[in-house]
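Survey of secondary and tertiary structure
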Amino acid sequence: MEEKKLELIDQISKVFMHYGIKSVTMDDLANKLGVSKKTLYVYFKDKKDMVRQMVIAKTQKDAEFCLTAKEESENAIAAFLTITSYVLKKIREVHPSVFFDMQKYHNDAWQILEEHRIVFIHQLLKENMVRGMKEGVYRDDLNLEIMPRLFIGRFDRAFDPKAFPPTEFSFEEVFNEMLIFHLRGLANEKGLKYLQEQLKKEVND
């Protein structure tokens, strides 16, 4: 039963990411997934429960990827680049209205997402900085409490359509500029050299 539920959550997530949350009804989901509404109600109390469980599953999956990337990367900068590349890929898959719909109509799910960001992402950024300082690719005078908050704040700002109108800037462009700006602020001379080498590789690939 658990395997079937996870499969449904994955399929439901794809529908929401493509069409948004508010515009999709339970009838729409049943039709697109090729199941009956009765089947959906076996696994989910209602649409709110469905969105909440989707967020739980997605944040767990994202956390697993981040932890694996951290373990397998050669240094802190490589880990940072791998994780942010993954984040950008996932954001590209999200319908523009999803975060708005979640914040306005599914506050319990939104709070889970916020907690993931504030607790897990903050700690991940902090650990990345500690690692980078130990490896000698980051400056050794970084403020471990301020810098993660600055990055998260910039990330939020990148989503602001008033600051970066979609007609003038693509999110990918803004995100990449923010990422490089942040890494250059963290890195020392050795780290900057490594970063430049990685960026050149991306251009040439």
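Residues numbered from 1 in each chain as written. Predicted model: local features only at pLDDT ≥ 70, side-chain atom pairs only at ≥ 80, totals over all residues. Heavy atoms only, no water.

It is worth spelling out the packing of aromatic side chains at this point. Following the criterion strictly, the structure yields 8 aromatic pairs and no others. With 5.6 Å between their ring centres and 75° between their planes, Phe99 and Phe159 make a pair best called edge-to-face. In this pair, Phe99 is assigned in helix α6 (residues 98-105) and Phe159 in the loop between α8 (146-158) and α9 (171-186), connecting sequence segments 60 residues apart. Classification of Phe99 as partly exposed rests on a relative accessible area of 27%. On the basis of relative accessible area, Phe159 is assigned to the partly exposed category, the value being 32%. (Phe/Tyr/Trp six-rings, centres within 6.5 Å; stacked < 30°, edge-to-face > 60°. Helix = DSSP H or I, 4+ residues; strand = E, 2+ residues; numbered from the N terminus. Buried < 20%, exposed > 50% of the residue type's maximum accessible area, 1.4 Å probe, protein only.)

Counted as a void, the second largest pocket has a volume near 470 Å³. Every residue lining the second largest pocket is counted, 19 residues in all, and those nearest its centre are Ile9, Asp10, Ala57, Lys58 and Lys61. Taken together, the elements giving at least two residues each to the lining of the second largest pocket come down to α1 (2-19), α4 (47-72) and α5 (76-92). Of the residues that constitute the lining of the second largest pocket, the class distribution is 6 nonpolar, 3 polar and 10 charged. (1 Å grid on protein atoms, 1.4 Å probe; cavity = no way out; pocket = protein on both sides within 12 Å on 5 of 7 lines; lining within 4 Å. Points joined across faces, edges and corners; volume = space filled by probe spheres on them. Nonpolar A, V, L, I, M, F, W, Y, C, P; charged D, E, K, R; others polar.)

Residue placement: Gln123 occurs in helix α7 (residues 107-135). In this structure Gln123 comes out as partly exposed when scored by relative accessible area, which is 36%. Residues Gln123 and Ala158, 35 residues apart in the sequence, show an inter-C-alpha distance of 21 Å.

Moving on to α1. Its 18 residues give α1 an end-to-end C-alpha distance of 26 Å, which sits within 8% of 26 Å, the value for a rise of 1.5 Å per residue. Within the span of α1, buried status applies to Lys5, Leu8, Ile9, Ile12, Ser13, Val15, Phe16 and Met17. Lining the buried residues of α1 we find α2 (26-33), α3 (37-43), α4 and α6. One or two residues past the end of α1 sits Gly20, with phi positive at roughly 95°. (Expected span 1.5 Å × (residues − 1). Contact = heavy atoms within 4.5 Å.)

To continue, consider α5. Taking 1.5 Å per residue, 17 residues should reach 24 Å; α5 reaches 24 Å between its end C-alpha atoms and fits that length. Three or more residues of α5 are buried, namely Ala76, Ile77, Ala78, Ala79, Phe80, Leu81, Ile83, Thr84, Tyr86, Leu88 and Ile91. Of the residues that open α5, the one with a side-chain oxygen 3.1 Å from the backbone nitrogen of Ile77 is Asn75. (Polar contact = N/O pair within 3.5 Å; in protein donor to acceptor, adjacent residues only side chain to side chain.)

With that out of the way, let us pick up the side chain of Thr59. Relative to the assigned elements, Thr59 resides in helix α4. Residue Thr59 is classed as buried on the basis of its relative accessible area of 10%.

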